[in-house]
Amino acid sequence: MKLANYVSAVAAICLLMASPLRAETAAANAIEALNVAQQGNETAVKIDLKEALTTPPAGFAVANPAKIAFDFPATSNALGKTTEVLNQGDLRSVNIVQVAGRTRLVLNLVRNMNYRTRLDGKSLYVTLTPIERLGDAVAERSVRFAEESLVGARHAVRDVMFRRGKDGEGRVVVELSDAGTGIDIRKQGTGLIVDFMKTSVPEHLRRKLDVTDFGTPVLGVETRVMGDNVRMTITPKGVWEHNAYQTDNQFVVEVKEIVEDPNKLVQGTKIGYQGPRVSINYQNGDVRALLRLMAEELGLNAVISETVTGTTTLVLKDVPADQVIDIIFQQKGLDMRKKGNIIMIAPRDEIATREKLDFESRQQINELEPLQMEQFMLNYQRAADVARLLSGAEQRGGSAAEGGGAIATQKILSKRGSAVADPQSNILFVTDIPSKLAEIRTFIKTIDVGARQVMIEARIVEAQDNFNRELGAKINFINSKAVQLGGSGIYTAGGSMTPATSTTSGGVTTTTPPTLVQNPMMGINLPSYSSTGGTFALSLFNAAATRILNLELAALQSDGLGKIISSPRVVTANNVEAKIEDGTEIPYVTPASGDSPATITFKPAKLMLTVTPQITPEGTVKMKLEVKKEEADWTKAVAITGSNGVSYLNPPIKSSVVQTNAVVENGGTVVVGGVFINDIQNGVEKVPFLGDLPALGWLFKYKSEKTTRRELLVFITPRIISDKLRLN
């Protein structure tokens, strides 16, 4: 059997760690020859090229599996092959991959090794040296992320920032002075070390960042000077993995938590198989022996059951090792269970039978285990409510301060358990087996916490802007003296004839002749208006003041600006609905109809705020809001007479309502709704034909313009009330 690592897909792995490569459209250089020589404990690799290189190619290493890769830009592969098996010292084989005008040369190693490069004419020399041992432990070699491209130049760190990724990963962002900074990154102990070669850092960036509050796997980031270099120490927690990449002058290190999956042989956050790639040609071999070899390849501690038997034949090329084990499991009906860092491999039926016996024995122990009683002093929850939760009784609502209630249908107590609550002392007495008491203790500790409170402030701003403009002219003629038209007895406007009258008194008849009565009257009044603005009048009259010609010019412009601000505030617990109202109720009269007398009902005209806040883990506030503003419009009220003969006014109700869900940061303000109304009215009064004359038409025309603007805005500001809030 032959078991060898293949790296045809190593380019995809390495690209995650290397800085971006510039695509070259044409290959001006070529790799023509490759020679390997063993010199003591060192291995020398000579790479002959068509043209001499000005700088060594960018190189980087992968620790597991052990590989070293070099990128040759604008270079083609002239060897005529992509793989060459060498088996010289710790150098196993070489892969040459050409993609889009550039070539990547990968050295497959038996173990991790240090390397150094040297240019000599048209040749590149790569010297591989073993890693020095520190006692019994092997010092892990630093992974060269990026080679220094500007040899001899000084580089600088401009800024160091920390951010939280969308999946909860910690992200360290380093702003560099140029893209040619040499970078080494490696794991050391429980931390991650990043060295920036020949780099300086300003004094204000030489500090330790405590980033625990970000809720990422990273606890701290320390930046300090180490000789001519800058060393950054990243301190994570738990089980983690890292990924590094560079874009121009920005270098980013991401640290992500690994959630251990007992069903995966190789732990990590990437989807799919992640083990080292292997090629297998296995003919009628023993399954147990193959599983043992796969476990060694993956570095696993495996216990293989004696019932695992049979043979298998596998011909696989460049397949992840964990996928090979998965194939064997499916082929032979095997399964595994992981306990700590040890996996147990056995037939699936055997594992199922063993787990069934284990569950049955646990159930028998629970039924025979002696009961114990424990008392719980509750601080925030009511003991009676918690007792109903534990017993699985349906509960609706909840205490007044804890945030509503829950509906419980699943019993937390065991079959033999019971819970008794004392309302006076608010103590809960629970009797159950010890294992259940531990679960109940954790459950009560989780729910018996004080509800966080939120103050919601709503500002309702209503602005009104009125504009009115009136402009026009009025001409009239007054004649206070009658003029007879010839001897016809017809008089012009301004006078009239009183007819002759006869009266008899004591047999004597007296006759009064007709007389002319002077009645001053308006001869012309064009047009009419009722302006309360400024007027300018010009009058022309005769010497006797019996005839007057008036010309009045009227102009009016008025501006009005009003603002009404309402600011309701309410304080409520997290996830508890709160409501605040302020206003009046207006009586409405319903007229009598038939035998039904008139009735009086009341309709509300209130300012109301209803809100249900929810504090998110990020510290923002998610709110379900309803803001309603109602007021009576008495200018459009309708008079209704009641049965008692009293007249009532029924005004219409103007209502503005906003219903929405919004997420706002703590102390931030957001506009959740607004209404804008713009009412424009234009009117013209004129004398027909005369008002349409050019220029002179303004003497017989009156024009009015009225604009009303109304805007309603609702501002919401949530503030989380701190538990440590106190008065100084």
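Residues numbered from 1 in each chain as written. Predicted model: local features only at pLDDT ≥ 70, side-chain atom pairs only at ≥ 80, totals over all residues. Heavy atoms only, no water.

1. Structural notes on the overall build of the chain
Tallying secondary structure elements over the chain gives six helices and 49 strands in all. With 728 residues in all, the chain has 36% of them scored as buried. Of the contacts formed within the chain by residues at least 6 apart in sequence, a portion of 62% connects residues at least 24 apart. Total accessible area on the chain is roughly 41,600 Å²; 52% of this is exposed by carbon and sulfur atoms. (Helix = DSSP H or I, 4+ residues; strand = E, 2+ residues; numbered from the N terminus. Buried < 20%, exposed > 50% of the residue type's maximum accessible area, 1.4 Å probe, protein only. Contact = heavy atoms within 4.5 Å. Areas by Shrake-Rupley, 256 points an atom, 1.4 Å probe, with all protein chains shown as cover.)

2. Digging into helix H2 (residues 287-298)
Relative to the 16 Å expected for 12 residues at 1.5 Å per residue, H2 spans 17 Å between its end C-alpha atoms, a close match to the ideal helical length. A side-chain oxygen of the first residue of H2 lies 3.4 Å from the backbone nitrogen of Arg 288; this N-cap is Asp 286. (Expected span 1.5 Å × (residues − 1). Polar contact = N/O pair within 3.5 Å; in protein donor to acceptor, adjacent residues only side chain to side chain.)

3. Focus: the environment of Arg 277
Position of Arg 277 relative to the elements: it lies in strand E25 (residues 277-286). The exposure class of Arg 277 is partly exposed, given its relative accessible area of 30%. Sequence separation between Arg 277 and Asp 318 is 41 residues; the distance between their C-alpha atoms is 5.2 Å.

4. Comments concerning the sheet that holds strand E30 (residues 372-377)
Spatially, E30-E32-E31 is the arrangement adopted by the three strands of the open sheet, whose pairing is antiparallel. Among the strands making up the open sheet, the edge pair consists of E30 and strand E31 (418-422). Strand-to-strand, the axes of this sheet are offset by a mean angle of 20°, without reference to chain direction. Relative to strand E32 (residues 427-432), E30 runs antiparallel, the two sharing six bridges. For Met 373, the partnering residue across the bridge sits in E32 and is Thr 431. (Pairing = 2+ DSSP bridges. Axes fitted to C-alpha atoms, helices over the stretch in contact; angles between N-to-C directions.)

5. Looking at the side chain of Asp 90
As for its position among the elements, Asp 90 is in the loop between strand E7 (83-88) and strand E8 (91-99). Asp 90 gets classed as buried once you look at its relative accessible area, which sits at 16%. Dropping the residues within four chain positions of it, Asp 90 is found in contact with Thr 43, Asn 108, Leu 109, Val 110, Arg 111 and Met 113.

6. Let's talk about helix H6 (residues 434-447)
For H6, built from 14 residues, the straight-helix expectation of 20 Å at 1.5 Å per residue is met to within 8% by its first-to-last C-alpha distance of 20 Å. Among the residues of H6, those classed as buried are Leu 437, Ile 440 and Ile 444. Here the buried residues of H6 occupy an arc of 60° about the axis, which is enough to place them on one side. Those residues of H6 that are exposed and aimed more than 90 degrees away from the buried face are Lys 445 and Thr 446. (Arc of directions from axis to C-beta.)

7. Looking at the nonpolar core
Residues Phe 196, Met 232, Phe 251 and Val 253 are the most contacted members of the largest nonpolar core, which totals 25 residues. Elements represented by at least two residues in this core include exactly strand E15 (155-164), strand E16 (170-176), strand E17 (183-188), strand E18 (191-196), strand E21 (218-226), strand E22 (229-236), strand E23 (240-247) and strand E24 (250-257). Once residues within four sequence positions are removed from consideration, Met 232 is found in contact with Val 160, Val 172, Val 174, Leu 192, Ile 193, Val 194, Phe 196, Val 221, Glu 222 and Thr 223. (Core = buried A, V, L, I, M, F, W, Y, C linked by side-chain atoms within 4.5 Å.)

8. Observations regarding the confidence of the model for the chain
As a note on interpretation, predicted positions should not be read in detail where pLDDT is low. Averaged over every residue, the pLDDT of the chain is 77; the share at 70 or more is 77%. Overall, residues 1-25 carries pLDDT values under 50, and its contacts beyond four positions in sequence, including any with other chains, amount to 61 contacts. Note on residues 133-143: pLDDT under 50 across the span, and 23 contacts to partners over four residues away in sequence or across chains. (pLDDT = per-residue confidence, 0-100.)

9. Remarks on the environment of Ile 447
When you line up the elements, Ile 447 lands in helix H6. Once the C-alpha coordinates of Ile 447 and Leu 378 are considered, the two residues, 69 residues apart in sequence, prove to be 9.9 Å apart. Other than its neighbours up to four places away in sequence, Ile 447 contacts Gln 381, Val 386 and Leu 389.

10. A few points about the pairing of E15
Pairing of E15 with strand E19 (residues 199-200), which is carried by two bridges, proceeds in the parallel orientation. Each bridged residue has a counterpart across the sheet, and for Ala 156 the counterpart in E19 is Ser 200. Following E15, the chain reverses through five residues before pairing antiparallel with E16; Gly 168 in that reversal takes a positive phi of roughly 85°.

11. Description of the packing of H2 against helix H3 (residues 321-332)
Viewed as axis vectors pointing N to C, H2 and H3 meet at an angle of 155°, and their least axial separation amounts to 9 Å. If you check the angle between H2 and H3, you find them roughly antiparallel. As for the relative orientation of H2 and H3, their crossing is left-handed in sense. Listed contacts from H3 to Val 287, Leu 290, Leu 291, Met 294, Glu 297 and Leu 298 of H2 are Ala 321, Asp 322, Val 324, Ile 325, Ile 328, Phe 329 and Lys 332. Tallied by class, the residues present in the contact of H2 with H3 amount to 10 nonpolar, no polar and three charged. (Parallel < 35°, antiparallel > 145°, perpendicular 65-115°, else oblique. Left-handed = near helix turned anticlockwise from the far one by under 90°. Nonpolar A, V, L, I, M, F, W, Y, C, P; charged D, E, K, R; others polar.)

12. Topic: the sheet that holds strand E26 (residues 301-304)
Reading across the sheet, the three strands line up as E26-E29-E28 and stay open at both edges, with mixed pairing between neighbours. A single partner strand is all that each edge strand has here, and the edge strands are E26 and strand E28 (334-339). Neighbour-to-neighbour, the strand axes of this sheet turn through a mean angle of 25°, independent of strand direction. The sheet contact formed by E28 and strand E29 (residues 342-347) spans six bridges and is antiparallel. Residue pairing across strands places Arg 337 opposite Met 344, the latter belonging to E29. Strand contacts of helix H4 (residues 348-368): E28 and E29, with the helix running at about 110° to E29, the strand carrying the most contacts.

13. Regarding the pairing of strand E35 (residues 501-505)
Counting buried residues along E35, only zero of its five residues qualify, which leaves the element largely exposed. As defined by bridge partners, E35 adjoins strand E36 (residues 508-512) across five bridges and the pair is classed as antiparallel. Paired with Thr 504 across the two strands is Thr 509, which belongs to E36.

14. Remarks on unusual backbone geometry
Its identity as a non-glycine residue notwithstanding, Asn 87 has a phi of 50°, on the positive side. Topologically, Asn 87 is positioned in strand E7. Owing to a relative accessible area of 55%, Asn 87 belongs among the exposed residues under this scheme. Positive phi is not limited to glycine here, since Lys 198 has a value of about 45°. Among the structural elements, Lys 198 can be located in the loop between E18 and E19.

15. Here we look at the packing of helix H5 (residues 383-391) against H6
Relative to each other, H5 and H6 sit at 135°, their axes nearing to 12 Å. Comparing the axis directions of H5 and H6 gives the class oblique. Considering the relative orientation of H5 and H6, their crossing is right-handed. Here H5 contributes Val 386, Leu 389 and Leu 390 to the contact with H6, which in turn contributes Ile 440, Phe 443, Ile 444 and Ile 447.

16. Some words on the pattern of salt bridges
Tallied over the entire structure, the rule returns 27 salt bridges. Lys 654 is paired through a salt bridge with Glu 631; the nearest N and O atoms lie 3.7 Å apart. Of this pair, Lys 654 sits in strand E47 (residues 653-664) while Glu 631 sits in strand E44 (residues 621-632), and the two are 23 residues apart along the sequence. A relative accessible area of 32% means that Lys 654 is categorised as partly exposed. Relative accessible area serves as the criterion here: at 25%, Glu 631 is assigned to the partly exposed category. It is possible to trace a salt-bridge network through shared partners that takes in Glu 457, Arg 459, Arg 569 and Arg 719. (Salt bridge = Lys/Arg side-chain N within 4 Å of Asp/Glu carboxyl O.)

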